[in-house]
Every structure is written in structure tokens, then in C-alpha cells.
Number of protein chains: 2
Amino acid sequence: MRVVNIGLCGLGTVGSGVFNVLARNSSDINARSNCQIKVAQVGCRRDNSSCDLTAVDVTRDIFDVANNPDIDVVVELIGGTTVAFDLVMTALKNGKHVITANKALIADHGSAIFSEAESRGLIVAYEAAVAGGIPIVKALREGLSGNRINWLAGIINGTTNFILSEMDSKGREFSDVLSEAQEKGYAEADPTFDVEGIDAAHKLVILASIAFGIPLSLDGIFTAGITQLEPQDVAYARELGYSIKHLGMARQTEAGVELRVHPTLVPERSLIAGVNGVSNAVMVNADAVGTTLFYGPGAGAEPTASSVIADVVDVARLMNSNADSWVPALGRISSELKEQTLLNIQDVETGFYIRFSALDQPGVLSNVTKIMGDAGISIEAIIQREQPAGESYVNVIILTNVTKEKCLDEAVERIELLDTVRGQVNFIRVEYLDQH
Amino acid sequence: MRVVNIGLCGLGTVGSGVFNVLARNSSDINARSNCQIKVAQVGCRRDNSSCDLTAVDVTRDIFDVANNPDIDVVVELIGGTTVAFDLVMTALKNGKHVITANKALIADHGSAIFSEAESRGLIVAYEAAVAGGIPIVKALREGLSGNRINWLAGIINGTTNFILSEMDSKGREFSDVLSEAQEKGYAEADPTFDVEGIDAAHKLVILASIAFGIPLSLDGIFTAGITQLEPQDVAYARELGYSIKHLGMARQTEAGVELRVHPTLVPERSLIAGVNGVSNAVMVNADAVGTTLFYGPGAGAEPTASSVIADVVDVARLMNSNADSWVPALGRISSELKEQTLLNIQDVETGFYIRFSALDQPGVLSNVTKIMGDAGISIEAIIQREQPAGESYVNVIILTNVTKEKCLDEAVERIELLDTVRGQVNFIRVEYLDQH
């Protein structure tokens, strides 16, 4: 059996997972790859007590691994986008295939990395960069290769999904759940990357590039976090038959591509509404297959290792065949990647959930519905609920059909000017998922 | 661009789907495969009005396609296991790669077909044979290649899932829904293959071979249909927090492999319980990744075409590279496939739902629970409900923890002998899915 020498850079959570799963399942992995997969060197700042490194060459300098002539494949699991980028480029320049779990690196520097790899006849694989253990990159690049993708909707950040699930099932406040998530290790000390949707945006950009054949770029992607979400909206949504999820949405429209991450109402009966806790799921709608969904753990040592090792097996199997037989990095040969217009959020069409505070008196609703009608917005449902204080104002909640955001904004502005309406009109976007 | 000549055999539902999707999405498909995929010949008994065949060489004899020296890849979509087998073997003998959507063919003759292909250095691909448009073969063979699979649970027959969904949501009788399904074209005139679980067994055998590295064989798989299922059991299951699904279960245990298809209670809160109508889904539990789920349409012209074309792209990309770089037919090199003991259903451990009719008087339940205790079975829940007739007998419904079926059988036999119990004890297996 041909030996494939792996150089593992980084021995933190994911690195130790990869090391241990490769050791535990080596006979299955070798039977599947028809190679002997061997971790020949590990580069890490410190040993990890969960890994038995006695038989392994360990270096404290990860660049030793990228420069080691015996290494065939460098696995980058150090994270970040500066040293990791240097490491990956060094490995490629030294003729090594690269596997990474680093979403920020691929979203930020993917084009440069893929182009370097292509010019040198090397593979860069990154299944673990999106949705942890779910083989969604493979599903999109290969499993659905006969399709035109219409849209995809992903729960691709486990931290925000955990927080929303807790808010939904227990009526808790955002800040309260966040603290718990930080204690449990589901959220970082600085949770900005997760709760503001930046991490999800990185992953969405990668998925969208594959889905629509567009070059990787974070420019212009609309990103809204979950920090402003209130328990009352979660409860009203539930009452209307919806769950609130932090969705990454990518849609191909005639006018261009939509790329956006924001809190979203989805119908409770849709499968994705049942995805709770730190799990991830990506729903893909395509012209031939219709709607599919891919579910699994979005993070964690061994789930992520599962995806890294799937890449190891693919690379080991393919590395000695000619580059024409490899799946292109973004699913299409690079000359076929084409820029597309990215739609401004003002031009995006979704449904809307609207909440505002209005005087509990006749005529108020007719003014509001007239404004909606004038803006060409049709209404799916209206409910009125007393406010906790029990005063003369009530909460009005409206669910609209699919409409352009600029029309909604116009209507919102006019509603806020009504004497009978107090304060701001809050809104959350709605995806009906089955429609348009 | 290299031209790859496809010979399409069969132009029924799936064949026409493949033909039309290949035509419609040709520019995307060529960009993904880096080849020009061309349907060079179609073999069919009659033209299909949905397909524009003007530019295509059409023959009425499918063996013309298998013998045509210009054809690189034969796509078998005629169904059945006799002529289809001859066709596939002829194509292989003539040095052509083969793609098929035929589950019965692979389950029955896969070993012979794969061995012929391997000896000739050819690829046989069959993504569409299991779960229609869901790329589950790819997910198991490649996406989860770093894992040991613990178990998989599949809703892999759309007809039975449609029937069960209707029985569940509307309280309808089996025979009533079956008639409707036949009218709508979801069920065949002779529905035996679907409702008795034979079709699901074919698919389960394929999935289990890949999951556990065992040779394909239908021998000894336990198969029970849904024809005996009563609306009252669907309703009681719901009351207890469960849905009844017709599951294909494959589990690796220390004593051997379980392979079984039967009606199964699954927790309502599990994602697979929300898979309704003609959809399919496969849940996979593995040591590294944990639990994943793959959902999508299980049948239909274009969903099935989606999987067939994914295979076309893979084969087109790989056919000129050496065979070592191909994914082995069942995910492992053939020398690594190993027979395993198939567990008798008596030795399988599941939970059980039990229903029987008992006199509504003190002491009855204590006799029954004593029998369960003697058999080493612990009880999860008991409910008693008046029978519609409103007589002196009540329905007793018991949900047990996981226990060996032979213990349950013993207990059932003793319960049936009680004077206070009338008629038969009915039972349905339960999978808790999160446990053991």
C-alpha cells in the first residue's frame, strides 16, 4: 500500500480530534483510501495531553512541517488568517497538497490560495470550513452537480443557534443565554464573530461561490446579528407558527445574487425549524432535485475531524492522478467562475414580521393597513396583544407576504409618523422557504 | 474540452428526466466536469414526448447502445433485474463505464457487476439507486470516510412514507390512503414492493454494505410491511410523543450487524419524525461525526436525474485517470469487504410499543407489569384508554425501554395467556435514536 505522509499543523481542539480519529480508525481509513495514511509530523506550540505523540515527529515550528520534504499533505488547523495564510502558501510553494478547516482563511484568501494551488497542480481541500461535520461542500460541489442552485439557507453558526433555541424553548433573554453559552464553551469570551454573523458570513460566501459559480468575496454581503432580538418577538413568532433562526441566505435571482445573514422567521413545520442547539443544517433548493437538507454537528473536535479526514482520504486517493480528474476548488473550472451583481438589501424580497406599539382605539389598524396597501404589500396575518404594562397601547404584529425591502422601509417610515403609533417599528425578515 | 459520449438506455420517467436536465443545464455541467457531456445515443422502446430527440441517434434496441464503439458511458434506466443485468454486463464487457439508478439490480447482482467492472478497470456508479435525489451514497462513501458507522436509519421509500404521513395527520385507514396514492401515481398498481418493504430492503442492503464494509446480500434481512398498521396505533403513538415511520435500520453491534425494515416509533422531537409525504431521509450515526441527517426527494424524474447526472460528472472527470484514484464501488477496496454475522430479529434490541385489550378491573396491570419485570423489561410509559365500543375492556398501551426481542416475545406470550386479556398482543418496535 502506498504511504501518504500527513503533516498536522495545530494540535488544539480540531487538531487533536484529527490526530485521534486517524489513529483510532486507521484500518477503516486505509481500506477506504487504498493508502496507508500516516501522520508523519505534527507542528504545535505545545503537546496535547489527549494525543499519544510518542511515535510521532513533533516540532514547535509549524513551518518545519511546510518545509519538510517527506510530507505530502499539510493539514492547517491553527486558525487565523495571517500565519495560516503564510503556512498554506509555503506548503503549496513546496509542492504539498493542503487541507484546512479555516473558513476565514478561505473566505478572505481563497482566490489567491486556489490560484497558487492550480498553477502548481496541487489540491486545496476545505470541507471542514463550512458546517463542521456535515459534508456540505461535497454535496454542493459533487452531489448536486447536475443542478442549477436556486437558493440555499443555512444554520451555519452553532453558537447563535444554541442561543436562539434557548430563547425560543425557555423564553430567556439574549444576554442571559450568551453568558451561559460562554460558561459552557459554546461561545467565545468575545462573541462578536458569532453573534454578529461574521463567522456565518464567511461560510455563506464559500457556499455561495460553489452554488452560483462566483469568485469568493466578502464585499457587500449583508450581515445582521442576533443581539437585538427580544424574547417577545420569539414568542409572537411562535404564536404565528414560526421559529426565529439566524440564517445565512444565498439566492440566485434574475437581477443578481443575494447574500445575507440575519435573524429570520421560518415556518415551524419546515424541517430547518427543528434544528436546535449547536447543530447546523443547510437547506438547498435546486432546479432538478428540488429541496434537500443536510444536518449535523457544526463544530467540535471529532465532527470537524470527520470532515478533515474525508478530505485526507480524497486527497490521498487522487494526488497521483492528473489534475483534470480533481473536483475544482469551487466546483467549476476557474475560467468558468463569473462575477455577478450582488443585490443591495433594499432590493431583496422577503416576507416581514413587524411589531409596533399602537393606541388601542378604532381606526388605528385601518390606517396601518392602508399604508401597507399603498406600498403594495399584502398582509398574511395581524395580531394585537396587550402590553405587559396593560396601558392604553397594544402591540400590533403583522406578517407580510414577500415584498421588496425598500417598499417595507417606506411603509415603516409612514407608520412611525402616525400619531397613534408610539416609538419605533421593529421588523424581522421572513423566509417561507417553499415559495419563490 | 474532452467529449464524453453518453448512451442512455430507457426513456421513461427517469430517462427523460436525465435527458432533459442534461440538455437544460449543459453549460453548468460542462463547467463542473471540465468535459463536454454529450448524449450520443438513446435506446428506448418508444420516444418520450417530453424529450427533443431530433439531434440524437435513437435506437429501439438498447443493446445497440452497449455495443456502440462510440459510447463511453452507458446509463441504465430500464429497471428490472434480467435484461438490465445483461445490458450492464454487456456494456462492461465492451469496456464502457456504467451508471444505474436500479436498486434491485445492485442489491441482487451488485457483487457480480462490481467484480466485472473492477477486473476490467471500469466504474459502476449508482447514486440514484438509493433515496432518489439525496447524495447519500457519496455522503457515506466519501463524506463520512473517516468514521466508523454505528447505525443508520432511513425513510427510504416515499410511497410508505406518504401513506404513514396521511394516516398520522388525518387519522385515515391504510387501505384508504393506498387507493389515493395509487390514483396520484405515488404507488404502483401492485404496491407489494413498496408497502411490504422489499424496495426499502434493497436500498438498506446497499447502504449497509457501504457503512459496514460487508458484501451485498439480501439474505436474512428482516422485512415487515405497513399493511397491518392501524390508525389507533398511529394515534396512541402520537399521544405518547412518537411518530410511526417505516424505517430501514442498519446497526453495527458487537455480535454482528442488524438489517431490518419495519414500522417504527420514533420520538416526535427527532428531525426524522418531521420527514413527511414522499420525501426520504437517512440519519447516520458515526463515531467521529455523531448524528447527521440527509433529506430530500426520494423519487421522481428530475430528483433522480440529479443523482444520475452527479454520477455522470464524476465518471466523466475520473474515467481517464487510473483506477486507484476512484472511490471503490462499496467505499472500500474489495479485498477489505468482510462478511459479518447478521443478527436474527429475536436477538435485536429495540424499544417496544405494545397494545392489548384487557378487562377494566383492579389487578390487571399489576399482573402485566410483573410479567414484564420477570422478563427483565423496564417500562417507559403505560396508558389505558377506553375502547370505542365503551364496554368492560380497555386498551392498554405500554412503551418499553430497549430490550431483546426474544424477551419481549416471552412476555407477550404470557400476557396473552392471562384471563383478563382478550385476543392478541400487538407490538411495534421503537427506536429512541439518541440512545445506545
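Since the model is a prediction, treat every value here as computed from it, not as a measurement. (Residues numbered from 1 in each chain as written. Chains lettered and ligands numbered in written order. Predicted model: local features only at pLDDT ≥ 70, side-chain atom pairs only at ≥ 80, totals over all residues.)

(A) Representation of the overall build of chain A in the model. Helix and strand counts for chain A stand at 14 helices and 17 strands. For chain A, whose C-alpha radius of gyration is 24 Å, the value lies close to the compact-globule estimate of 22 Å for 436 residues. With 436 residues in all, chain A has 56% of them scored as buried. (Helix = DSSP H or I, 4+ residues; strand = E, 2+ residues; numbered from the N terminus. Rg over C-alpha atoms; globule rule 2.2 N^0.38 Å. Buried ≥ 20, exposed ≤ 12 C-beta atoms within 10 Å, placed from the backbone.)

(B) Seen up close, helix H8 (residues 174–184) of chain A. Residue and element names in this part refer to chain A. Inspection of H8 places Phe-174, Val-177, Leu-178 and Ala-181 among the buried residues, and these make up the whole buried set. Taken around the axis of H8, the buried residues stretch over an arc of 105°, which confines them to a single face. Exposed side of H8, more than 90 degrees from the buried face: Ser-175, Ser-179 and Glu-183 are the residues found there. Residues of H8 that are buried sit in contact with helix H7 (158–170) and helix H9 (192–195). Following H8 by one or two positions, Gly-185 adopts a phi angle in the positive range, close to 85°. (Arc of directions from axis to C-beta. Contact = placed C-beta atoms within 7 Å.)

(C) A look at the sheet that holds strand E2 (residues 35–43) of chain B. All names here are of chain B. The parallel open sheet is built from six strands, whose spatial order is E3-E2-E1-E4-E5-E6. The open sheet has two free edges, formed respectively by strand E3 (57–59) and strand E6 (124–125), since each of these has just one partner strand. Where strand E1 (residues 2–9) meets E2, eight bridges bridge the pair, whose relative direction is parallel. Pairing of Arg-2 across the sheet is with Cys-35, part of E2. (Pairing = 2+ DSSP bridges.)

(D) Fine view of unusual backbone geometry. Residues and elements named next belong to chain B. Phi angles above zero are rare outside glycine, and Asn-34 is one such case at about 60°. Turning to its location among the elements, Asn-34 is positioned in the loop between helix H2 (26–33) and E2. Looking at Asn-34, the number of C-beta atoms within 10 Å reads 21, which means it is buried. Unlike most non-glycine residues, Ala-131 shows phi in positive territory, near 60°. Here Ala-131 shows up in the loop between E6 and helix H6 (136–143). Owing to 34 C-beta atoms within 10 Å, Ala-131 belongs among the buried residues under this scheme.

(E) The confidence of the model for chain A, seen in detail. Within chain A, residue pLDDT values average 95, and 99% of them lie at 70 or more. The complex model carries a pTM of 0.97, and its ipTM stands at 0.97. (pLDDT = per-residue confidence, 0-100.)

(F) Fine view of the environment of Thr-369 of chain A. When you line up the elements, Thr-369 of chain A lands in helix H13 (residues 364–374). In this structure the C-alpha to C-alpha distance between Thr-369 of chain A and Ala-411 of chain A, which are 42 residues apart in sequence, comes to 9.7 Å.

(G) Just the interface of chain B and chain A, in detail. Residue-level contacts link 51 residues of chain B with 51 residues of chain A. When its residues are assigned to classes, the side of chain B that touches chain A shows 21 nonpolar, 19 polar and 11 charged. As judged from the three bridges shared by strand E12 (residues 290–297) of chain A and strand E12 (residues 290–297) of chain B, these two strands associate in the antiparallel manner. Following the sheet pairing, Tyr-295 of chain A is matched in E12 of chain B by Leu-293 of chain B. (Nonpolar A, V, L, I, M, F, W, Y, C, P; charged D, E, K, R; others polar.)

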